Amino acid sequence: MRRRGIRKGIWVYITTRRIEFLLSLANDALKTGEEERARSYVKKALRLGEKMNVRLPRRWKWYICKRCYLPLLPPLNARVRFYGGALHITCLKCGGVRRVPLHGKEVKTSQEKGKGVFSAS
Ligand SMILES: [Zn+2]
């Protein structure tokens, strides 16, 4: 039975953890070449976030292709370029481009581009 009085913050925390877990499963599935499975995990994670009114953790938001719902793992299925103060993350599957403006604070030198955006795992 779910009680009504549970504080919202706990649900946000639990949901965030579940989303992260689903997305890490998607990550693994993609690495082993199981695209459909990866896509279904991503969709599940997005739906969960929507239902629970929880936003995706920031580092994950950049990491999903909004067009084909695949996790973007450069250089496996994505290309990351840096121009005009923004990261351009191109999905090599569907060609969708995601722009991530960085406002000059997160990327200091060109060598650091992409660092911190994608976790190494
Ligand atoms: Zn795509």
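Structural data are supplied above this passage.
Quick caveat, the model's predicted, so the values are computed rather than measured.

Caption draft 1: Representation of helix α1 (residues 8-31). Helix length check: α1, at 24 residues, gives a terminal C-alpha distance of 35 Å against a target of 34 Å (1.5 Å per residue), a fit within 8%. Where α1 is concerned, the buried positions are I19, L22, L23, A26, A29 and L30. Here the buried face of α1 lies against α2 (35-51) and α3 (58-61). Phi turns positive one or two residues past the end of α1, at G33, with a value near 85°.

Caption draft 2: Molecular detail of the sheet that holds strand β1 (residues 78-83). Read across the open sheet, the three strands follow the order β1-β2-β3; overall the sheet is antiparallel. Of all the strands in the sheet, the pair left with one neighbour each is β1 and β3 (97-101). Sheet twist, expressed as the mean angle between neighbouring strand axes with direction ignored, is 20°. In this structure, strand β2 (residues 86-91) lies alongside β3, joined through five bridges in antiparallel fashion. Bridge pairing in β3 places H88 opposite R99.

Caption draft 3: Highlighting α2. If you check α2, its first and last C-alpha atoms are 24 Å apart, about what 17 residues at 1.5 Å a residue would give, namely 24 Å. Listing the buried residues of α2 in full gives A38, Y41, V42, A45 and G49. Taken down its axis, α2 places every buried residue within 100° of arc, on the same side. Seen from the open side of α2, the exposed residues pointing more than 90 degrees away from its buried face are E36, R47, E50 and K51. Buried positions along α2 lie against α1.

Rules and cut-offs
- Residues numbered from 1 in each chain as written.
- Predicted model: local features only at pLDDT ≥ 70, side-chain atom pairs only at ≥ 80, totals over all residues.
- Helix = DSSP H or I, 4+ residues; strand = E, 2+ residues; numbered from the N terminus.
- Expected span 1.5 Å × (residues − 1).
- Buried ≥ 20, exposed ≤ 12 C-beta atoms within 10 Å, placed from the backbone.
- Contact = placed C-beta atoms within 7 Å.
- Pairing = 2+ DSSP bridges.
- Axes fitted to C-alpha atoms, helices over the stretch in contact; angles between N-to-C directions.
- Arc of directions from axis to C-beta.

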